[in-house]
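Listed here are the chains, written in short residue letters.
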Amino acid sequence: MKNAVMILAVALLAGCAGPGEPTAEKLKQGLQAHFDQYQLPAQCVGKRFHEFPYAADPERLNFRYQPDGPSNGELLAGLESAGLVHQQDGSYRLTDQGRQVFLPEAGFCYGRLRVQSVDRIGEIMKRDDVRAGRVAYTVEILDRPAWSEAPGFVRAFDITDSGFQNRKRFAGPGQPHPEAREAVLAEDGGDWAVPGFL
C-alpha cells in the first residue's frame, strides 16, 4: 500500500494524471491564483509597531518579546537604516517611503510571492464529496525593494539572502527554510484551489 501511494505521488508530480487529478502544475496554478487574487505581500516585518509616531522612551525601546530576541530599539534602528522611519521630537515617525509600505495590521511589507515549485502532494482525501489534499511547495520573492537589503535592516529582522525573514525558531520538519510552505487545496470543477477561494 505504501509503495502504491509513493508511485501515485511521483506520477502526480510528474503530471501523469487523468482529468481532475491534482497534478503539480494544477496545484501550482491554484496556489498562485490565491496569492495573486489577494495581492498578498511576500514578507512583512515589524508587526509589533501598530502605529506611528512611536514614543522613543527607554522602557519601550528596551522591551524584548523573547529574552534572546531583538529589542524594540534594535528593530526601530533597523527600520531607520532602511529609510522607513526617522527620529523627531522624541519619537519615531514614518518617512514618505515608510508610509508607502506600512500596514498597521501587518507591519512593513514588500515583494510579491511566486510559487516556484510543488514539491510534495499528500494523500488526497474525500469528505462531503469534496476532494482535498495537503501540498508542500516552495516560494520566492519578486520585486524585492532595495531598502529591504540595507545591512541594518537585514541584521535587525534576520532577513535571509532570499529576502524572507528567518523562521528557524518556529520551523517544523516540513519547513526547513522560510521558502518552504504547506497548504491544503481542494478540487473545484476540475481545478484545484485554496479553500475559501473556491
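Refer to the preceding data block for the structure.
The sections below set out a description of the structure shown in this document. (Residues numbered from 1 in each chain as written. Predicted model: local features only at pLDDT ≥ 70, side-chain atom pairs only at ≥ 80, totals over all residues. Heavy atoms only, no water.)

**Re the side chain of Q32**
Inspection of the secondary structure assignment puts Q32 in helix α2 (residues 24–38). Of the polar contacts made by the side chain of Q32, one reaches the backbone nitrogen of V115; its length is 2.7 Å. Excluding residues that lie within four positions of it along the chain, Q32 makes contacts with L113, R114 and V115. (Helix = DSSP H or I, 4+ residues; strand = E, 2+ residues; numbered from the N terminus. Polar contact = N/O pair within 3.5 Å; in protein donor to acceptor, adjacent residues only side chain to side chain. Contact = heavy atoms within 4.5 Å.)

**A closer look at the pairing of strand β6 (residues 107–121)**
Looking along a regular strand, one sees the side chains alternate between the two faces of the sheet. Judged from the four bridges that link them, strand β1 (residues 41–45) and β6 form a sheet pairing that is antiparallel. When the sheet's bridge partners are listed, P41 is paired in β6 with R112. As paired strands, strand β5 (residues 102–103) and β6 are joined by two bridges and run antiparallel to one another. Opposite L103, over in β6, you have G107 as the bridge partner. With eight bridges connecting them, β6 and strand β8 (residues 130–142) associate as antiparallel partners. The partner of R112 across the bridge, within β8, is L142. (Pairing = 2+ DSSP bridges.)

**Considerations on the pattern of salt bridges**
Counted according to the given criterion, the structure contains eight salt bridges. For E21, the salt bridge is made with R131, and the minimal N-O distance between the two is 3.3 Å. Here E21, found in the loop between α1 (2–14) and α2, pairs with R131, found in strand β8; they are 110 residues apart in sequence, far enough to count as distant. Judged by its relative accessible area of 25%, E21 is partly exposed. Measuring nitrogen to oxygen at the nearest pair gives 3.1 Å for the salt bridge that ties R120 to E182. On the criterion of sequence distance, the pair formed by R120 in strand β6 and E182 in strand β9 (residues 180–188) is long-range, its members being 62 residues apart. The exposure class of R120 is partly exposed, given its relative accessible area of 46%. (Salt bridge = Lys/Arg side-chain N within 4 Å of Asp/Glu carboxyl O. Buried < 20%, exposed > 50% of the residue type's maximum accessible area, 1.4 Å probe, protein only.)

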